Number of protein chains: 2
Amino acid sequence: MSLTQLRYFVAVAEEGSVSRAARRCFVSQPPMSRQLRALEDELSARLFARTPSGMTLSSEGARFLAHARRILQLVDEAPAVVRPD
Amino acid sequence: MSLTQLRYFVAVAEEGSVSRAARRCFVSQPPMSRQLRALEDELSARLFARTPSGMTLSSEGARFLAHARRILQLVDEAPAVVRPD
DNA sequence: TCCGTTTACGGGGGACGTAAAGATA
DNA sequence: TATCTTTACGTCCCCCGTAAACGGA
């Protein structure tokens, strides 16, 4: 699991589409799709249901979305934490 | 910032030495030292004071240690989050 | 047939390991 | 001088981008 995978996952969950999420993340679709698959494989969980109209979160995916957001928020707060008094 | 960097950072903070932390993480010293430096550069903060006897946390480093542990704990909890009901 | 996702394949960047150099008590 | 950290350098692996193929309404 990597922070990049978490960011991709959140973007896809919010956009409902790999292609839109890829544009938002300034990356092309294939790498994003691969990272999503790799994340699902590592977690042994299907986070999305694939449909021709896009990606919809599974129940596991919905739980994981909140978790991923917490992690990314902490990461974003890191600079403030180390800022000198 | 990467999860690997956070794991290295926590290991060094706990071991007080890059060489011991490297053994614990099954990596050699140079990569670990590089990752620590890269993390410090990215955060624009000196997390450790280097001494011949090892590494000691700075005040910023001490604050960041708690933060890094929270992040890594959430990451470790990910499998449980996605486990089906 | 069309939209979106997924694989193939070639190229580039980053991380590691060994070995040597630097720094401090 | 002895210990620990840091750089040099070569190698390998992983990720990305383009292009083509697959799959469902």
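Our subject in this report is the structure included herewith. Quick caveat, the model's predicted, so the values are computed rather than measured. (Residues numbered from 1 in each chain as written. Chains lettered and ligands numbered in written order. Predicted model: local features only at pLDDT ≥ 70, side-chain atom pairs only at ≥ 80, totals over all residues. Heavy atoms only, no water.)

**Structural notes on the protein's contact with DNA strand C**
The immediate surroundings of DNA strand C are formed by 18 residues, with A:V18, A:S33, A:R50, B:Y8 and B:S28 found nearest. The sugar-phosphate backbone supplies 68% of the atoms of DNA strand C found within 4 Å of the protein. Contact distances for DNA strand C include 2.9 Å between a phosphate oxygen and a side-chain N or O atom of B:S28. Within the side chain of B:R34, an N or O atom sits 3.2 Å from a base oxygen of DNA strand C. Put simply, the parts of the chain that give the surface near DNA strand C at least two residues each are α2 (18-24) and α3 (29-43) of chain A together with α3 (29-43) of chain B. The residue makeup of the surface near DNA strand C, split by class, is 9 nonpolar, 6 polar and 3 charged. (Near = heavy atom within 4 Å. Polar contact = N/O pair within 3.5 Å; in protein donor to acceptor, adjacent residues only side chain to side chain. Helix = DSSP H or I, 4+ residues; strand = E, 2+ residues; numbered from the N terminus. Nonpolar A, V, L, I, M, F, W, Y, C, P; charged D, E, K, R; others polar.)

**So, the protein's contact with DNA strand D**
Around DNA strand D, the surrounding shell holds 18 residues, and the nearest of these are A:S28, B:V18, B:P30, B:S33 and B:R50. Sugar and phosphate atoms constitute 63% of the interface atoms of DNA strand D, taking the interface as everything within 4 Å of the protein. One of the side-chain nitrogen or oxygen atoms of A:Y8 is found 3.1 Å away from a phosphate oxygen of DNA strand D. Within the side chain of A:Q35, one N or O atom sits 3.2 Å away from a phosphate oxygen of DNA strand D. For the surface near DNA strand D, the elements supplying multiple residues, two or more each, are α3 of chain A together with α2 (18-24) and α3 of chain B. A per-class count over the surface near DNA strand D returns 9 nonpolar, 6 polar and 3 charged.

**Some words on the relation of the copies chain B and chain A**
Rotating chain B by 180 degrees and translating it 0.0 Å along the rotation axis places it on chain A, where the RMSD comes to 0.0 Å. Within this description, the copies of the chain are treated as partners about a two-fold rotation axis. Across chain B, the rotation axis passes nearest the C-alpha of B:I71, at a separation of 2.9 Å. The residues that chain B uses at the interface reappear at the interface of chain A in 100% of cases, marking a shared surface. (Least-squares fit on C-alpha atoms with pLDDT ≥ 70 in both. Contact = heavy atoms within 4.5 Å.)

**Some thoughts on the nonpolar core**
One finds A:F9, A:L47, A:F64, B:F9, B:L47 and B:F64 to be the most contacted residues of the largest nonpolar core, which totals 57 residues. Those elements giving two or more residues to this core turn out to be α1 (3-15), α2, α3 and α4 (59-82) of chain A together with α1 (3-15), α2, α3 and α4 (59-82) of chain B. If we skip the residues at most four places from it in the chain, B:F64 touches A:A78, A:V81, A:V82, B:M1, B:L6, B:F9, B:L39, B:L43 and B:L47. (Core = buried A, V, L, I, M, F, W, Y, C linked by side-chain atoms within 4.5 Å. Buried < 20%, exposed > 50% of the residue type's maximum accessible area, 1.4 Å probe, protein only.)

**Digging into the pairing of strand β2 (residues 54-57) of chain A**
Residue and element names in this part refer to chain A. The pairing of strand β1 (residues 48-51) with β2 spans 4 bridges and is antiparallel. When the bridges of β2 are listed, R50 appears paired with M55. Hairpin remark: β1 followed by β2, antiparallel, with 2 residues in the connecting loop. (Pairing = 2+ DSSP bridges.)

**Thoughts on unusual backbone geometry**
Residue and element names in this part refer to chain B. Backbone geometry at F26 places phi at a positive 55 degrees, although glycine is not the residue there. Tracing the backbone through its elements, the reader meets F26 in the loop between α2 and α3. The backbone of S44 sits at a positive phi, close to 50 degrees, despite the residue not being glycine. Tracing the backbone shows S44 in the loop between α3 and β1 (48-51). Residue S44 is classed as exposed on the basis of its relative accessible area of 69%.

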